[in-house]
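Summary of the model geometry
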Amino acid sequence: MESSSNTESCDISETTCNGKVDLEEAYPPKSEGTVSIISRGNGLLCPEDFGLFQYEGFWYHSFYLEGVKLAQEQFKPQSTDIFLCSAPKSGTTWLKALAFSIVTRTEFNFSTNPLLVKVPHDCVPMLEVDIVKNMSDRNPEFPLLSTHMPYSSLPKSIIDSGCRVVYICRDPKDVFVSFWHFICKARPEIGFLPMDVIFELFCQGVSYYGPYWDHVLGYWKASLEQPERVLFLKYEDMKRETSVLVKRLAEFIGHPFSVAEETEGVVERVMDLCSFENLSNLEVNKNGRHRVDTPVAIENNTYFRRGKVRDWKNHLTAEMVQRMDWITEQKLGSCGLMFGGDLKP
């Protein structure tokens, strides 16, 4: 991933029409004259099929949108809070597991860690669900919170508080493939979901908490402007240099590994505990369920599919790859944030 400290040419403004993003202008269909899938009305999927509603330029399931608005109106952070942020399907589960293991490593040993009996999403409360809907249940001594909210929609109280933010992103092609598999399994009531139809929606910015590119861009710009407050991580870098970035993560969130811990192999034990291979084979992640009493109850195993880099090669056509890389270049290239690929239009 190439980066740049020059943000002057980085325009993250959204194309709007009557207060809403004009998706066909911001994320044009694949060929001139093509009618947007989301406006056809001929039986193909549209945002409403996923329970999606647009708010402040992003798409939300109604269950989460209520919490987003509550957070903006009511949430008061502590200066010690650490927010783990991401768009869905971009490394969220792994980041939560790593951060939780790092923060609690002196409280639990590696044979009693709650990650062994709880899905990571149940170990780190989610701002727009667990926190704002149960304010009184919050443990003031536990610093970790998570959210999928875009940076531009975070409560002003968080931005003004000086809280630390960790953001993880991923190649949009892998995010899309993971998203497609996820909704096929998590939303069986929708029926068969052709990949090309979901791909068109995703490319037009229609996905949970999407457009994905705008989501990434908001946190990228914040990390350039305030690197002491916002740590920007890339899933591919985490897979390639896990030890280095786990130590960087620990230092950033105020729980650095001591020389003695590194010598004793504590970093490696954190990595092993939180590895895809270990977590995906735990009984709780094979047969458990997440948010069982809500409209978005999901089998825990839905969060553990492959955890691989460049899995998109097994699913996307050359045309799909070319188109998505081109969108990435158009949306992120001027900011120095790239994921590689053939960028010809």
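Because the structure is predicted, anything quoted here is derived from the model rather than measured.

**Observations concerning the overall build of the chain**
Of regular secondary structure, the chain possesses 16 helices and 10 strands. Buried positions account for 55% of the 345 residues belonging to the chain. The contacts in the chain between residues at least 6 apart in sequence include a share of 72% that link residues at least 24 apart. Summed over its atoms, the accessible surface of the chain is roughly 15500 Å², and 49% of this surface lies on carbon and sulfur atoms.

**Some details on unusual backbone geometry**
Note: most peptide bonds trans; most residues except glycine with negative phi. Omega for the bond connecting G210 with P211 falls within 30 degrees of zero, at 15 degrees, which places this linkage in the cis form. Relative to the assigned elements, P211 resides in the loop between α8 (195-203) and α9 (212-225). In this structure, E56 takes a positive phi of about 50 degrees despite not being glycine. Tracing the sequence through the fold places E56 in the loop between β3 (52-55) and β4 (58-61). Overall, the relative accessible area of 37% leaves E56 in the partly exposed class. In this structure, Y209 takes a positive phi of about 65 degrees despite not being glycine. By secondary structure assignment, the location of Y209 is in the loop between α8 and α9.

**Focus on the packing of helix α11 (residues 242-252) against helix α13 (residues 266-273)**
Where α11 contacts α13, the two axes come as close as 10 Å, and the packing angle between them is 100 degrees. The angle between the axes of α11 and α13 places the two elements in the roughly perpendicular class. Across the interface between the two elements, T242, S243, V246 and K247 of α11 pack against V267, E268, V270 and M271 of α13. Residue composition of the contact of α11 with α13, by class: four nonpolar, two polar and two charged.

**A word on the environment of S86**
Residue placement: S86 occurs in strand β5 (residues 82-86). Residue classification places S86 among the buried residues on the basis of a relative accessible area of 2%. In this structure, the C-alpha to C-alpha distance between S86 and V216, residues 130 residues apart in sequence, is 8.1 Å. The contact partners of S86, leaving out residues within four places of it in the chain, are T92, T147, H148, Y167, I168 and H215.

**Some details on the pairing of strand β7 (residues 164-169)**
Most of β7 is tucked away, with five of its six residues classed as buried. As paired strands, β7 and strand β8 (residues 230-234) are joined by five bridges and run parallel to one another. Bridge pairing links C169 to K234 in β8.

**Looking at the sheet that holds β5**
Consider a sheet: its strands pair through backbone hydrogen bonds, and that pairing is either parallel or antiparallel. Pairing in this open sheet of four strands is parallel, and the strands run β6-β5-β7-β8 from one edge to the other. The open sheet terminates on both sides in strands that have one partner only, identified here as β6 (144-147) and β8. For this sheet the average axis-to-axis angle between neighbouring strands, irrespective of direction, equals 20 degrees. Strands in contact with helix α3 (residues 92-103) are β5, β6, β7 and β8; relative to β5, the strand with the most contacts, it is inclined by about 160 degrees.

**Looking at the packing of aromatic side chains**
A full pass over the atoms with the stated rule returns 18 aromatic pairs. Pairing Y60 with Y209 gives two aromatic rings, centres 5.1 Å apart and planes at 75 degrees, and the pair type is edge-to-face. Highlighted residues: Y60 in strand β4 and Y209 in the loop between α8 and α9, separated in sequence by 149 residues. Judged on exposure class, the residue Y60 and its partner Y209 are both buried. Ring geometry for F176 versus F199: centroids 5.3 Å apart, planes at 80 degrees, classification edge-to-face.

**Here's the deal with α8**
In terms of burial, α8 is a largely internal element, eight of the nine residues being buried. Buried within α8 are the following residues: M195, V197, I198, F199, E200, L201, F202 and C203. Positive backbone phi, at 90 degrees, marks G205, one or two positions downstream of α8.

**Describing the state of the cysteines**
Under the criterion given, the structure shown has zero disulfides. Take C123: it sits in no disulfide, and the sulfur closest to it among the cysteines is that of C274, at 9.7 Å.

What counts as what
Residues numbered from 1 in each chain as written. Predicted model: local features only at pLDDT ≥ 70, side-chain atom pairs only at ≥ 80, totals over all residues. Heavy atoms only, no water. Helix = DSSP H or I, 4+ residues; strand = E, 2+ residues; numbered from the N terminus. Buried < 20%, exposed > 50% of the residue type's maximum accessible area, 1.4 Å probe, protein only. Contact = heavy atoms within 4.5 Å. Areas by Shrake-Rupley, 256 points an atom, 1.4 Å probe, with all protein chains shown as cover. Axes fitted to C-alpha atoms, helices over the stretch in contact; angles between N-to-C directions. Parallel < 35°, antiparallel > 145°, perpendicular 65-115°, else oblique. Nonpolar A, V, L, I, M, F, W, Y, C, P; charged D, E, K, R; others polar. Pairing = 2+ DSSP bridges. Phe/Tyr/Trp six-rings, centres within 6.5 Å; stacked < 30°, edge-to-face > 60°. Disulfide = S-S within 2.5 Å.

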